[in-house]
Each structure stands twice: as structure tokens, then as C-alpha cells.
Amino acid sequence: MTITLYNTLSKQKQVLEPLHTSSNDGKPVVGLYVCGPTVYDYAHIGNARPVIVFDVLNRLLRHVYGEDHVTYVRNITDVDDKINARAAEEGIDIRELTERTNKQFQEDMTALNCYRPDVQPRATEHISEMQALITILIEKGFAYEASGHVLFHVPAMKGYGELSNRSVDEMQAGARVEVAPYKKDPMDFVLWKPSLDEEPGWDSPWQGEGASKNGRGRPGWHIECSAMAKAHLGEVFDIHGGGIDLVFPHHENEIAQSCCAHETDKMANIWMHNGYLQVEGEKMSKSLGNFITVNEVLEKWPGEVARLAMLMTHYRQPINWTEANLSAAQKTLDGWYGVLPEGEASEDEISSELLDDGLLSALADDLNTPKAISILHQLKDNPTALKASANLMGLLSHSVEEWAELRAPKLDVDEKEIEALIAARLEARENKDWAEADRLRDELVSKNIVLMDGDGFTDWEVKS
């Protein structure tokens, strides 16, 4: 089967043609690297989107190429200024913070029915590889030492900015560039920096004014992924993924480091990025009070509900996270589970031969999950094919009995509040204010209220 994916670098869809073959059987093998979490706090729903998106891709690749012919790598950033600040704020050891936060992240992603990657490298376990890469960049004239720092010299690389499709001037104007007297160029970025005594650090060969004894310091963010990707997938691999917010500067800088160090024209053959996420039509932020963690979602909804809600929008498009969409996703899953026989086989026991060809083709066309979901609706008359096809997307992974226990319970409601909202909706409908009527309907749906409109009246009940 041919898999076609949109490449952010080439700005078009292209056929996935694996770069390497297995030494055991000569068949194609695929390497997938996805930027993972910085483990200092609970993962929010924006963090969950790439995990779900690339889990679907991982499942598809394994189906097409074989379980042992795919290597999925997702790193763990466990050295970072945000980690240092949070550990100091809580008065705990940095390792204690990162262990606790990573444990919670793994549990939350498992609850979303995401497979664990084959490799989850930690930044702190690849310091020697980072230092080796930095040394090569210095030797080749792409990086320089200054005041205990090592910086990548952006003007030394031709083609910088190709991924984000912007000139250096445009990137400088749109970026929060750190002004430092030791930089040769404002766009130069840090590969290594000095560490204070209370900060994590490793001995290095880079000493100078402002550097501590033995050049003690820590890596910059971008060099971490370049080193870990090479360590586990090689100098050039098939697919690099992440959120659209990582295109610049993170992925742009990864390309610069890796290509200049290895003298290659590419780091990854295909670059994939999922779109932004909003909450109820607004940018998610703590200041707006709409910052939602995965853990909070899982307290109210089964993981499959959140997963399906994510997949109802194509991964490259912006997604609007709403309670109404979660309710719709749960209703859809209720309908699908409702046609399955009790005691249905688990996900691991379903034969892939029962997969619907149309659904497989939809996923092979740049992960067209909305089309795949529409096909699942058409398979309700064939429960076995429905189960097998949904399993490829990480859905219907439970038995009917398990789902009955997992699905969200009835919500406690304020009857007076519900009646007031229904009265306001009726008034809006009488005034032909359809937008307000729709808004009120969505608010009621988000409260798990089922509306039954009659002639001039509306009955309601709490969805079971």
C-alpha cells in the first residue's frame, strides 16, 4: 500500500518511500521521530494532539510495514529552564520533579489509548552525543565559543529558513531574539550554556569568561533533538513530526545543526506538523481560565472520547476543543459500542484482515481521519469490520461491558439553570436569532442535556 503524507518542507503531499531496509529480510523499515514533552507540569490538551496524531500514524505504519519494521522515537526533555524554575518553586530535586511529571504524562497518554513509542530517550542520558555534535559544528566553522557559551552561527548555513519558508530578516522580526553581546549575529542560537552551581550541569571543554570551572554547563533545547534523533534513527531518517508551533525555531534549528554537522541536504525526508488548538474558540491560556490538562479531561470523560474528539478534525487543520464536541464523540462511541456483541474480542485479538479497505485508504491519504470516521459510521451493519477498522485508529479498544463502566456518568445539573437556558433558547428562536439559539443549544449539549423540541415547547433529559 502507498502512504502519502504532507511534507511541510516541500509544501506538498509526497509518497512515503522508506530510506532504509532491514538487514534481516531486506524489507523497508521506517524511522519516525516526534518531539516529546518537557516534563515539568501536567500535559495539556494541546500537548495531547501530536501524541494522538502520531500514534495513529505509528499504527498505520506498523500495519503496512510490519511491527518490527517501524521504530518510533519520542524524546523526553528533562533538562530545561522551566524545569529548573518549577523545581526551585516547589523546593524539590529536579530529578524528583521530572520523574513525577513523566510518570503522569505516560499514564495520561496511555489513558488516551496511545501506544508507547519504541524508544523514549531522555535528554540527560545523551549529553555526550550532544557534546560530540557541538564539537563537530565548531570544527566545521558552523559554531563558535563565546563567554562560556557555544552558539550556532546562522549566516554560516545556506538555506536557513526553508522549513518555515521565511527569510532570516522575517524570522528575526517575528521572533523573540535574545540580545547578547557575545553573539556574532542576532539570530545565532545557543548550543551550550554555562550552569550555575544550583542548576544541572555537565563538564565540558568550553571554558571562557563567564564559564564555570571545567566548563560546567548544559545543552540548549534544539541540540537535544538533533543528538537523540541521530542516536536512535541515524543521520537521515524518514519522518519527523511535531506541532506547528515547533516549525520555527525548534525544527528549523534542528535541520541547521544536523545537516551542517553531517554534511547532508536533509535531516528527515518528510516533516509533519499538526495544527493549533483552541478552546471554545479562544486561544488556550491560564490567563483566560481555559487552560485544560489531559488529566482534567480524563476525570470527566473516557480517554477514547477525547481521542475521537481530536480525530474528528484533520490533523493539519486548527482544532476547536469544545464540550459539545466531546459530547458528540461520546454519543458516537455509544452508538458504535451499541452494535457490538457482548464479550467482543479485545483489540489485540482482532485480525487486521477484517479492516475496511476504504478506511485504510483514507488513513493512507495523509491521515484523513474525518473521512475514516465517516466510513466507520457506514460499518455499523458489520460489527466485526467496524471493530477491526476502529482499532487501527485506537478506538473501540474495550469490550461492551468495559465501555458501560468507563463512559462518563450522568452529570449533576441545576434544573432551574437548565430551564432558564431552554426558555432563553425558545425566545431566541421566536425572534429568529438563530445564532443565539444555536449557542444556547450547544451550551445545553455541553451540560449533557438532550433536547426534544415540540410545537412551541422543549422537553429535556440528562443523557444517560
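Scroll up to find the structure this text is about.
The rules we used
Residues numbered from 1 in each chain as written. Predicted model: local features only at pLDDT ≥ 70, side-chain atom pairs only at ≥ 80, totals over all residues. Heavy atoms only, no water. Pairing = 2+ DSSP bridges. Helix = DSSP H or I, 4+ residues; strand = E, 2+ residues; numbered from the N terminus. Expected span 1.5 Å × (residues − 1). Buried < 20%, exposed > 50% of the residue type's maximum accessible area, 1.4 Å probe, protein only. Contact = heavy atoms within 4.5 Å. Axes fitted to C-alpha atoms, helices over the stretch in contact; angles between N-to-C directions. Parallel < 35°, antiparallel > 145°, perpendicular 65-115°, else oblique. Nonpolar A, V, L, I, M, F, W, Y, C, P; charged D, E, K, R; others polar. Core = buried A, V, L, I, M, F, W, Y, C linked by side-chain atoms within 4.5 Å. Phe/Tyr/Trp six-rings, centres within 6.5 Å; stacked < 30°, edge-to-face > 60°. Salt bridge = Lys/Arg side-chain N within 4 Å of Asp/Glu carboxyl O.

**Q** Outline the sheet that holds strand β12 (residues 277-279), supporting the account with residue identities and numerical values.
**A** Backbone hydrogen bonds are what pair the strands of a sheet, in a parallel or an antiparallel way. Spatially, the three strands line up as an open sheet ordered β13-β12-β14, and their pairing is mixed. Of all strands in the sheet, those with a lone pairing partner are β13 (282-283) and β14 (319-321), marking the two edges. Of the strand pairs in this sheet, β12 and β14 are connected by three bridges, and their pairing is parallel. The partner of glutamine 278 across the bridge, within β14, is asparagine 320.

**Q** Which residues make up helix α16 (residues 434-446), and what are the values?
**A** Between its terminal C-alpha atoms α16 stretches 18 Å, which fits the 18 Å expected from 13 residues at 1.5 Å a residue. Every buried residue of α16 is listed here: Ala437, Leu440, Leu444 and Ser446. Among the structural elements, α8 (294-300), α10 (323-338), α15 (415-430) and β15 (449-453) are those in contact with the buried residues of α16. Of the residues one or two after α16, asparagine 448 is the one with positive phi, at around 70°.

**Q** Quick one: what's the story with the pairing of strand β8 (residues 189-194), residue by residue and with numbers?
**A** The buried count for β8 comes to five of six residues, which makes it a mostly enclosed element. Across three bridges, the pairing between strand β7 (residues 149-152) and β8 is antiparallel. Bridge pairing in β8 links valine 150 to tryptophan 192. By the bridge criterion, three bridges tie β8 to strand β9 (residues 217-219) in an arrangement that is antiparallel. The partner of lysine 193 across the bridge, within β9, is arginine 218.

**Q** Please give an account of the packing of helix α1 (residues 45-65) against helix α9 (residues 303-311) that cites residues and values.
**A** α9 packs onto α1 with a crossing angle of 80° between their chain directions and a minimal axis gap of 10 Å. In terms of orientation, α1 and α9 fall into the roughly perpendicular class. In contact with Ile45, Ala48, Arg49, Ile52, Asp55, Val56 and Arg59 of α1, α9 contributes Arg307, Met310 and Leu311. A per-class count over the contact of α1 with α9 returns six nonpolar, no polar and four charged.

**Q** Explain the nonpolar core residue by residue, including any values.
**A** Leu61 and Trp321 are the most contacted members of the largest nonpolar core, which totals 70 residues. When residues of this core are assigned to their parent elements, the largest contribution, 11 residues, is made by α1. Aside from chain neighbours lying at most four places away, what touches tryptophan 321 is Ile45, Leu277, Gln278, Val279, Glu280, Ile292, Val297, Ala306, Ala309, Met310 and Leu326.

**Q** Any details on the packing of aromatic side chains? Residues and values, ideally.
**A** Taken as a whole and assessed by the stated rule, the structure comprises five aromatic pairs. The interplanar angle of 10° and the centroid separation of 4.7 Å between the aromatic rings of tyrosine 337 and tryptophan 403 together place this pair among those described as stacked. A residue pair is termed long-range when its members are at least 10 positions apart, and tyrosine 337 in helix α10 and tryptophan 403 in helix α14 (residues 400-406) qualify at 66 residues. Tryptophan 403 matches tyrosine 337 in its accessibility class, with the two residues each being buried. An aromatic cluster is built from Phe142, Phe152 and Phe189, whose rings are joined through pairwise contacts.

**Q** Tell me about the pattern of salt bridges, residues and numbers included.
**A** Following the criterion strictly, the structure yields 27 salt bridges and no others. A salt bridge links arginine 95 to aspartate 78, with the nearest nitrogen and oxygen atoms 3.9 Å apart. Of the two residues, arginine 95 is situated in helix α3 (residues 94-111) and aspartate 78 in the loop between β5 (70-74) and α2 (81-90); the sequence distance between them amounts to 17 residues. The class of arginine 95 is partly exposed, set by a relative accessible area of 38%. Given a relative accessible area of 4%, aspartate 78 falls into the buried group. Its salt-bridge partner being glutamate 199, residue arginine 218 comes within 2.9 Å of it at the nearest N-O pair. Taken as a pair, arginine 218 in strand β9 and glutamate 199 in the loop between β8 and β9 lie far apart in primary sequence, 19 residues in all. A single burial state applies to arginine 218 and to glutamate 199, both of which are buried. Connected via shared salt-bridge partners are Asp41, Arg86, Glu89 and Lys286.

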